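Structure at a glance
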Amino acid sequence: MDVDRDLADSIGAAAELVAGAGHVVALVGAGLSVESGVPTFRGPDGLWARLGQPSTQSYQMFLEDPAGWWRQYLDPDADPARTEFRLAIERAEPNAGHVALADLERMGILKRTITQNVDNLHQRAGSTLLSEIHGNRTKMRCIECESRWPLAGARVDGYPPACPECRGLVKSDTVMFGEPIPRGVLEEALRETDECDCMMLVGTSASVYPAARLPERVLARGGLLIEANPGETPLSSRCDVVLRGPTGETLPALVERVKALMGARSLPP
């Protein structure tokens, strides 16, 4: 891949930081999946700009009528515009940025990916060390014990489904407006962040809580931040290295530089 000299220098600097860190964590946002054809939520071209932002009482509305919510959720004609969005995600394929993160994980460099995305593309690219703080659209979750199962092919005996583990109320795994982040995944994300000495901010402005809290915790402990994003974000000026360009290009280039560094360091003197 051809990159300009300034970007090449930044990729080299980021590779040095990543290869030298003890516990690298990636915080990922919607920007990573744009190159896969998944629309973002926020911004002038985002889903909410076109369809309107969901009610801030979405979770409360689910709790008040879970059976009604499930009927609407399973009916493709109930909300054609949002059904179109779901189909766009179903057609999407992991891009080179997703694969690069999975490569860093397989190399033992990336210890955890904390993603705000619900599109399941990390898993399809091969990542396994994941904390999905906003859930996964392909799964269901019990709101009591937080057990999760694939939505496709699930055996249920009516709606709303009951958890086979604790008989609690089951909903889609995607976190709704007004719904708390599941305690288990939030604690996992915080635990990984507190071990992190180098955080990669990938396709995210990290301006929405609780994700916004994570880079601040890294900085408070003297850790490093690397940003990979096509545009400037509120955290750009606080990052040690910024990779400005499509993440489907910058992340694979970063992986290649890390591989080269690790290979050079393994050579006998």
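Shown above is the structure to which this text applies.
Residues numbered from 1 in each chain as written. Predicted model: local features only at pLDDT ≥ 70, side-chain atom pairs only at ≥ 80, totals over all residues. Heavy atoms only, no water.

Another aspect to go through is the overall build of the protein chain. Of regular secondary structure, the protein chain possesses 11 helices and nine strands. Residues classed as buried in the protein chain amount to 46% of the 269 residues present. Put simply, of all contacts in the protein chain between residues at least 6 apart along the chain, 67% involve residues at least 24 apart. Taken as a whole, the protein chain presents about 13100 Å² of accessible surface, with 50% of it coming from carbon and sulfur. (Helix = DSSP H or I, 4+ residues; strand = E, 2+ residues; numbered from the N terminus. Buried < 20%, exposed > 50% of the residue type's maximum accessible area, 1.4 Å probe, protein only. Contact = heavy atoms within 4.5 Å. Areas by Shrake-Rupley, 256 points an atom, 1.4 Å probe, with all protein chains shown as cover.)

Evaluated as defined, the whole model comprises 14 salt bridges. For E192, the salt bridge identified is with R112, shortest N-O distance 3.9 Å. Pair noted here: E192 is in helix α9 (residues 183-195) and R112 is in strand β2 (residues 110-115), with a separation of 80 residues, a long-range link. As far as burial versus exposure is concerned, E192 and R112 are alike and both buried. We note a salt bridge from D173 to R141, for which the minimum N-O separation is 2.8 Å. Of this pair, D173 sits in the loop between β6 (170-172) and α9 while R141 is found in strand β4 (residues 139-142), placing the two residues 32 residues apart along the sequence. You'll find D173 and R141 in the same group, each marked buried. Salt bridges here are not isolated pairs; linked through shared partners, they connect E132, R141, R148, K171, D173 and E179. (Salt bridge = Lys/Arg side-chain N within 4 Å of Asp/Glu carboxyl O.)

With that settled, the discussion passes to the sheet that holds β4. The three strands are arranged β5-β4-β6 in an open sheet whose pairing can be described as antiparallel. Two strands bound the open sheet, and with one partner strand each, they are β5 (148-150) and β6. Sheet twist, expressed as the average angle between the axes of neighbouring strands with direction ignored, equals 30°. Sheet topology note: the β4/β5 ladder contains three bridges and is antiparallel. Paired with R141 across the bridge in β5 is R148. Set on the sheet, helix α5 (residues 66-74) makes contact with β4 and β6; between it and β6 the angle comes to about 35°. (Pairing = 2+ DSSP bridges. Axes fitted to C-alpha atoms, helices over the stretch in contact; angles between N-to-C directions.)

By secondary structure assignment, the location of N120 is in the loop between β2 and α8 (121-125). Residue classification places N120 among the buried positions, given a relative accessible area of 17%. Residues within four places of N120 in sequence aside, it is in contact with N136 and T138.

Let's shift gears to the layout of surface pockets. Computed from the structure, the second largest pocket encloses a volume of approximately 290 Å³. Residue lining of the second largest pocket: Y73, L74, D75, P76, T83, R86, L87, E90, R137, T138, L151 and A152, and that is the complete set. Elements represented by at least two residues in the lining of the second largest pocket include exactly α5 and α6 (80-91). Element by element, the count of residues in the lining of the second largest pocket is highest for α6, at four residues. When its residues are assigned to classes, the lining of the second largest pocket shows six nonpolar, two polar and four charged. (1 Å grid on protein atoms, 1.4 Å probe; cavity = no way out; pocket = protein on both sides within 12 Å on 5 of 7 lines; lining within 4 Å. Points joined across faces, edges and corners; volume = space filled by probe spheres on them. Nonpolar A, V, L, I, M, F, W, Y, C, P; charged D, E, K, R; others polar.)

What follows deals with helix α10 (residues 213-220). Looking at α10, one finds that the buried residues are L214, P215 and V218. Down the axis of α10, the buried side of the element spans an arc of 95°, and every buried residue falls inside it. Where α10 is buried, its residues touch β1 (24-28), β2, α9, β7 (198-202) and β8 (224-229). Following α10 by one or two positions, G222 has its phi on the positive side, about 80°. (Arc of directions from axis to C-beta.)

Moving on, we get to helix α7 (residues 96-106). Note: α-helices contain 3.6 residues per turn, so residues at a spacing of three or four share the same orientation. Of the residues making up α7, those classed as buried are G97, H98, A100, L101, A102, L104 and E105. Its side-chain oxygen 2.7 Å from the backbone nitrogen of G97, N95 forms the N-cap of α7. Backbone geometry just after α7 places G108 at a positive phi near 85°. (Polar contact = N/O pair within 3.5 Å; in protein donor to acceptor, adjacent residues only side chain to side chain.)

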